[in-house]
Amino acid sequence: MTSFREFAETCQAIEKISSTIDTTSRVADLLRMVDVEELPIATHFIMSEVFPAWSGEQLGIGTSLLYVSLSRASGMPVKSIESLIRTTGDIGDTALLILKEKRKNQVTFSSFFEEHPELSITEVYNRFKVASEASGKGSQDIKIKNLQFLFNSSTPREAKYISRLALEELRIGVGEGVVRDAIAKAFSVPADVVEHAFMVTNDLGIVAATAKEGGVEALEHLGIEINRPIRMMLSQISPDIVADIKEMKEAAIEWKFDGARVQVHKTGNSVTLFSRKLENVTNSLPDLVEIIRKHVKAESAILDGEAVAVNENGKPRAFQEILKRFRRKYDVEEKALGSPIQLNLFDIMYLNGKTLIDLPLIERRKSLESCVESSVEDSKSICVDKQVITGDLELIEKIYKEALEAGHEGVMVKNPNSFYSPGKRGKNWLKKKPLMETLDLVVVGAEWGFGRRANLIGSYTVACYDPETLRYLQVGKVGTGLTDDQLKELTEMLSGLMEGGEAGGVFAIRPKIVLEIAFEEIQKSPNYDSGFALRFPRFIRIRDDKDPEEADTIQRIGKVYSQQLKRL
Ligand code: ATP
């Protein structure tokens, strides 16, 4: 069993390191030290995760719950904890101080000799799991008791990392890239083999344990599994689409639907649906499950597509309509479903026991067409996205115009010979749509409104992501473009994410929510830590199909800024 003390020591050491190479070495040391059985836990923990993202399990511990647990474990009132956090700016450092203080006051004869058994990482994981699974009446109490137990059994230093882990932010800058390299280093396996294993399993915990146990050979045998979602292949805007099409010679042109991405897993009669963020959204979409059961003729399959909300005539409705459907958390009665859904399938990754991602798109396409059955009457609810393979630029332009006229977003231009690359954004999938530059940014701060909107959060500080330092860098404040309903919805979403206290009505928000923001111009500015500021930022929509790490990066902001200069 690996003690949590050893894990905390690794975190502490990494916190003091600035080079990625040294960080990778420390993570590799940790992975080498941990037993195979505990490796999945350690691997996720070090990336600030308790459960793998694909599992759909949510830890669901908010700051207030954490403060109460710390308060019960230490005897310090919640109010004092909150004010300490305002000074330290961090839950981990606060927990460390509180527990040190408690120890000082507690050095009595009996407590001096009272030895706590060492906490193992498995024990920490199990307590988190019990807390996450508690639901309904009495669940708060169960969550608090389990956290309190962890704080009572930990040293101050362990408590620092337990509390950060409870909020899934260790603040040590270890992300997937570092862990991938660390697995290769720790178990002497090539980085590309680790990468491929990660792409098909979508779980570095499984990859680490497999690498330790069976090396390269075992990693190469890892495959796609039904009900374990695969990362979505992504697209990019081409700076020169004509040149890219010429390079491909012929391109596969498909309509680009503006809805929500769905990954369908079907085995026998059972259907599971995953969103772009790989959340299990099956319960929100029972009508879609029925459609798939009826029309996908395969013993087992994994399919990729876009779900669109449509009106009675099968015409697409606004993007926001479909996301409303995805947001429903619980089983929905058929009659309360809201807009009907149309599923447009465009790819297949697995069919009847065979992995298809290493086949060219044209081959996958044949398999897709072979297993989706839709008659004219059903084509309103399910269809395979039309695809034309051509190098004729005029024809491509014509299809593009038709797509826009039919109310879609544009077209996708795909390389017919390309493999399905999970999680990759590259030249093999290009998007062509009317240009309206927007940015997807993360809310990191907020302010209460005033007057009629005094009870609502009225202004949001938004930030871009820096994948190198894993930090969020502020670029501006948004307060326009929102309706009262949207303000209400965002106020609800953000109230559980407030961090620390308010200073003059402004408070920090844990980076979780992504907003799409339009703007007039990007300017250089000393007012924000990104060094940039948005001029006239305007809210477009909530992107709850995106994780904060998928927000636009500081590099993209820099790029848009310099493109602007060229335009002037
Ligand atoms: P980004 O990650 O760049 O912000 P986004 O989520 O805003 O992307 P786009 O990159 O504009 O989306 O377009 C890619 C998305 O388009 C896919 O994730 C998918 O949801 C959708 N889409 C619609 N039709 C297709 C299609 N035929 N093939 C692939 N993707 C499609």
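Quick caveat, the model's predicted, so the values are computed rather than measured. (Residues numbered from 1 in each chain as written. Predicted model: local features only at pLDDT ≥ 70, side-chain atom pairs only at ≥ 80, totals over all residues. Heavy atoms only, no water.)

With that out of the way, let us pick up the site of the ligand. Taken together, 19 residues sit near the ligand, with R276, E306, D385, K431 and K546 positioned nearest. Contacts to the ligand include K414, whose side-chain N or O atom sits 2.9 Å from a nitrogen atom. Take R543: an N or O atom from its side chain is 2.9 Å from an oxygen atom of the ligand. In isolation the ligand exposes 630 Å². Once the protein is present, 90% of that is buried. Looking at the shell around the ligand, the elements with two or more residues in it are β2 (251–256), β10 (410–414) and β11 (425–432). The class makeup of the residues in the shell around the ligand is five nonpolar, one polar and 13 charged. (Near = heavy atom within 4 Å. Polar contact = N/O pair within 3.5 Å; in protein donor to acceptor, adjacent residues only side chain to side chain. Areas by Shrake-Rupley, 256 points an atom, 1.4 Å probe, with all protein chains shown as cover. Helix = DSSP H or I, 4+ residues; strand = E, 2+ residues; numbered from the N terminus. Nonpolar A, V, L, I, M, F, W, Y, C, P; charged D, E, K, R; others polar.)

A few words on the state of the cysteines. Counting across every chain of the model gives zero disulfides. There is no disulfide at C371, and the cysteine sulfur nearest it, in C383, is 14 Å away. The exposure class assigned to C371 is buried, which follows from its relative accessible area of 2%. (Disulfide = S-S within 2.5 Å. Buried < 20%, exposed > 50% of the residue type's maximum accessible area, 1.4 Å probe, protein only.)

Let us look at the pattern of salt bridges. Inspection of the entire model under this criterion finds 40 salt bridges. In this structure, R157 and E9 form a salt bridge, with 3.8 Å as the shortest nitrogen-oxygen distance. With R157 in helix α10 (residues 156–166) and E9 in helix α1 (residues 4–15), this pair connects stretches of sequence that are 148 residues apart. In this structure, the salt-bridge partner of D347 is R364, at a minimum N-O distance of 2.7 Å. Within this pair, whereas D347 is found in strand β6 (residues 341–351), its partner R364 is found in helix α17 (residues 361–371), the two being separated by 17 residues in sequence. As far as burial versus exposure is concerned, D347 and R364 are alike and both buried. (Salt bridge = Lys/Arg side-chain N within 4 Å of Asp/Glu carboxyl O.)

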